[in-house]
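Structure at a glance
Given next are the chains, with one letter for each unit.
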Amino acid sequence: INAEYMGSQTMLRVKDPKKSVSFYQGLGMTVLRESHFSDFSLYFLGTLQPGEAAPADPTSEEARDAVKRRFQPVLELTHNHGTETQPDFVHYNGNDEPRRGFGHIGFLVDDVAAACAQLEPLGLGFAKRPEAGRMKGLAFARDPDGYWVEVVKRGGYDADATPFTLE
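This write-up is about the structure you can find in this document. (Residues numbered from 1 in each chain as written. Predicted model: local features only at pLDDT ≥ 70, side-chain atom pairs only at ≥ 80, totals over all residues. Heavy atoms only, no water.)

Examining the sheet that holds strand β9 (residues 148-153)
Keep this limit in mind: Strands are treated as partners if at least two bridges between them are detected by DSSP. Helix numbers and strand numbers start at the N terminus; a helix is a DSSP run of H or I with at least 4 residues, a strand a run of E with at least 2. Only C-alpha atoms enter the line fits that serve as axes; for helices the fit covers just the stretch in contact. Angles between N-to-C directions range over 0 to 180 degrees.
Pairing in this open sheet of four strands is mixed, and the strands run β5-β9-β8-β6 from one edge to the other. Edge positions in the sheet fall to β5 (104-109) and β6 (126-128), since each of these pairs with one other strand and no more. Going across the sheet, the axis of each strand differs from the next one's by a mean of 30°, ignoring polarity. Strand direction decides the pairing type here: strand β8 (residues 139-142) and β9, joined by four bridges, are antiparallel. Directly across from Ala 139, in β9, lies its bridge partner Val 151.

Considerations on the pattern of salt bridges
Rules: For salt bridges, the criterion is a side-chain nitrogen of Lys or Arg within 4 Å of an Asp or Glu carboxyl oxygen. In this scheme, a residue with accessible area under 20% of its type's maximum is buried, one over 50% is exposed, and one in between is partly exposed, where area comes from a 1.4 Å probe on protein chains only.
The tally for this structure, following the rule as stated, stands at six salt bridges. Note that Arg 64 and Glu 61 form a salt bridge whose closest N and O atoms lie 2.9 Å from each other. Here Glu 61 and Arg 64 lie together in helix α2 (residues 61-69), a separation of three residues that amounts to about one turn. Accessibility expressed as a relative area gives 29% for Arg 64, which makes it partly exposed. In this structure, the salt-bridge partner of Arg 64 is Asp 65, at a minimum N-O distance of 3.4 Å. Three or more residues joined by partner-sharing salt bridges are found here, namely Glu 61, Arg 64 and Asp 65.

Let's talk about the side chain of Glu 150
Stated formally: When charges are counted, Lys and Arg are positive and Asp and Glu negative, with His and the chain ends excluded. Contact definition: two residues touch when any of their heavy atoms are within 4.5 Å.
Examined against the element boundaries, Glu 150 turns out to sit in strand β9. Although Glu 150 lies buried, it forms no salt bridge, and the closest oppositely charged side chain, Lys 128, sits 8.4 Å away as judged by the N-O distance. Once you skip the residues sitting within four places of it in the chain, Glu 150 turns out to touch His 104, Ile 105, Gly 106, Phe 107, Leu 138, Ala 139 and Phe 140.

Okay, structure coming up:
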């Protein structure tokens, strides 16, 4: 594998950027850049490192350059204007029949239960709660558009960093 290649971003289409940005901010992400066009807007979010600050103006050239130079990946939320006012509009999340495909994105957290409690009012509930199923201790939250977001304990539950306990 060529070391010059590296994952840069994942893009999700969103219906209402206010709800989606709030949800991902609940997972510790920060808006690094915004770009607004006549019929769509882009929101680039990232997890800041200790001591790192986001650009003061996410619409600035500085913000654009900061995202391009960023070593860590970003989450790009794409909003097509007008969808937020269409009550029946939904994006296909990749986990519902008959259009399965995309699975989920994942986040490491120190406390899975606390993260789930914080996310619950910001999204659409859970596809799997930490105490449900055979794999205990990890969760799959649903963001405001129904995309699955895996919530995993940072460092795992044992010396091998196992991200769940199997029952």
